[in-house]
Amino acid sequence: MADSAERVRVRAFREGDEAAWDAFVRAHPRATFFHQTGWKRVLEATFGYRPHYLLAEREGRVRGVAPLFSCRDIRGRRSLYSLPHTVYGGIVGEERSDEEALLAEARALADREGAKSIELRNRHRGLLDLPVQPGFVTFERELPARAQDVRGLLPKKAREAVNQAVKRHNLEADFESDLDTFYDLLASSYLALGTPVFPRRFFAAMTEEFPEAASILVVRHEGTPVSAVLSMDWRDAILPLYSGEAPGVRNLKANNFKYYRLMQRAVERGVRRFDFGRSRLDNEGTVGFKVNQGFEPEELPYQVAGEAAPPSSPNQGFFARARRIWGRMPRAVADRVGPRIVKYFP
């Protein structure tokens, strides 16, 4: 393992390191929800990827962490990801020397694994001298002190959509524990987008691993579920991670209402920030929706060490054709096949 001039020692994560690792993550300002060892267990249990978690230590104290998984994509190309199926990740250390030592060991690991690159999905710009890979943005803003003031955060068109949802369509929303309802709505949305859906066990593992942080908000129209979102609390923020909507209900304005109510409920529980999550810049629909809710895009400083994967877009070429074909697939077939292949899109 690496040993820098500053006496940084890097070693592999092992059983018994969980408490020290998570204590470091909770204290580090650039660490994210996904750096926790609980998320490692979620990914292992769902996809069977090989974890390669690294710690940097000085005098027996954790000084940095690098959560990595070895994955093979749909092209058969192996890379190290921090982290797969995750909006945020990356290497975090107290000092630049800590992060450089972790990156050096990650490079050595990539050579041993035959991995072409190391993808770091940083939420915040780190200390490593690597070029930023453009293409992804995130959206985050502070919430008001009172739930009744959430409406004032919304631009005019978003407020009008919420008014329609409440006064014209009588939508209601509340937290529920029914994972099946959420997953049915999610699978419907993914099929409409032409995207393979995650296995249900992915979300079961999340809610079981993080019972205090996880919540599912369900929107109902005349008692029928029409939209839902699964969120996680982290520090003073709420992160709506996955959402779904029933087909043919766009006129109900359920998506607008869903996030409006989620923000209100978050404020009622003392949450101070709303992290609307990652979007691809070329996904104009999702980016536009978040901007129309009053959020400003912020570039995510993703970095790649090694040979970057060939550029691809879900809206062009092979992937665009595949999405069109997938979107016409019967729901029963998509629900069966999607969870088997989604692991190859880390």
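Everything here concerns the structure above.
Report follows, based on the coordinates. (Residues numbered from 1 in each chain as written. Predicted model: local features only at pLDDT ≥ 70, side-chain atom pairs only at ≥ 80, totals over all residues. Heavy atoms only, no water.)

### Notes on the environment of phenylalanine 274
Just so we agree on the cut-off: To qualify as a helix, a DSSP run of H or I must reach at least 4 residues; to qualify as a strand, a run of E must reach at least 2; elements of each kind are numbered from the N terminus. Residue contacts are defined here by distance: any two heavy atoms, one from each residue, within 4.5 Å place the two residues in contact.
Checked against the element boundaries, phenylalanine 274 lands in strand β14 (residues 273–280). Here the alpha-carbon distance between phenylalanine 274 and glutamate 142, two residues 132 residues apart in the chain, equals 6.3 Å. In this structure, phenylalanine 274 is in contact with Phe139, Glu140, Arg141, Leu143, Ile238, Pro240, Tyr259, Leu262, Met263 and Phe295, ignoring residues within four places of it in sequence.

### Examining the packing of helix α2 (residues 37–47) against helix α6 (residues 200–209)
To describe two helices that pack against each other, one gives the angle between their axes and the distance between the axes. The condition that has to hold: Lines fitted to the C-alpha atoms define the axes, with helices restricted to the stretch that makes contact. Angles between their N-to-C directions range from 0 to 180 degrees. These descriptions rest on fixed angle ranges, namely under 35 degrees for roughly parallel, over 145 for roughly antiparallel, 65 to 115 for roughly perpendicular, and the rest for oblique. In this scheme the handedness of a crossing depends on how the near helix is turned from the far one: anticlockwise by less than a right angle means left-handed, clockwise means right-handed. In this count, Pro and Cys sit with the nonpolar residues alongside Ala, Val, Leu, Ile, Met, Phe, Trp and Tyr, while Asp, Glu, Lys and Arg are called charged and the others, Gly among them, polar.
α6 packs onto α2 with a crossing angle of 155° between their chain directions and a minimal axis gap of 9 Å. For the element pair α2 / α6, the angle class is roughly antiparallel. For the crossing formed where α2 meets α6, the hand is right-handed. From α2, Gly38, Trp39, Arg41, Val42, Leu43, Ala45, Thr46 and Phe47 reach across to α6, where they touch Arg201, Phe202, Ala205, Met206 and Glu209. Grouping the constituent residues of the contact of α2 with α6 by class yields eight nonpolar, two polar and three charged.

### Structural notes on the sheet that holds strand β11 (residues 214–221)
Formally: Whether two strands pair depends on DSSP finding at least two bridges between them.
Strand order across the open sheet formed by seven strands is β10-β11-β12-β13-β14-β9-β15, with mixed pairing between neighbours. Because the sheet does not close on itself, it has two edges, and the strands there are β10 (172–176) and β15 (297–299). Adjacent strand axes in the sheet meet at a mean angle of 30° when their direction is disregarded. Direction of pairing for strand β9 (residues 136–142) relative to β14: antiparallel, over a ladder of seven bridges. Residue pairing for β14: glutamate 142 is matched across the bridge by arginine 273. Contacting β11, β12 (224–234) and β13 (237–245), helix α5 (residues 179–193) runs over the sheet at an angle of about 65° to β13.

### Details of the nonpolar core
Soluble globular proteins: nonpolar side chains tend toward being buried together. Quick note on the threshold: The nonpolar core is taken to be a set of buried Ala, Val, Leu, Ile, Met, Phe, Trp, Tyr and Cys residues, with the residues joined through side-chain atoms within 4.5 Å. Each residue is placed in one exposure class: buried if its accessible area under a 1.4 Å probe, protein chains only, is under 20% of its type's maximum, exposed if it is over 50%, and partly exposed if it falls in between.
Counting residues in each nonpolar core, the largest one holds 86 residues, and the members touching the most others are Trp39, Phe182, Phe202, Phe203, Met206, Tyr242 and Phe274. Residue contacts for methionine 206: discarding those within four places in its chain leaves Trp39, Val42, Leu230, Met232 and Tyr242. Counting residues in hydrophobic clusters, the runner-up holds 20 residues, among them Val10, Ala115, Ile118 and Leu128.

### Examining the pattern of salt bridges
Put simply, the rule is: What makes a salt bridge here is a side-chain nitrogen of Lys or Arg within 4 Å of a carboxyl oxygen of Asp or Glu, nothing more.
Inspection of every chain in the model, using the stated rule, returns 28 salt bridges. Measuring nitrogen to oxygen at the nearest pair gives 3.4 Å for the salt bridge that ties glutamate 105 to arginine 112. By relative accessible area, arginine 112 is classed as exposed at 56%. Among the ionic pairs, aspartate 180 bridges to arginine 200, the shortest N-O distance being 2.8 Å.

### Examining the packing of α5 against α6
Running from amino to carboxyl end, α5 crosses α6 at an angle of 135°, the nearest separation of the two axes being 11 Å. Viewed along their axes, α5 and α6 adopt a mutual orientation that is oblique. By crossing handedness, the relation of α5 to α6 is classed as right-handed. Contacts between α5 and α6 involve Leu179, Asp180, Phe182, Tyr183 and Leu186 from the former and Arg200, Phe203 and Ala204 from the latter. Residue composition of the contact of α5 with α6, by class: six nonpolar, no polar and two charged.

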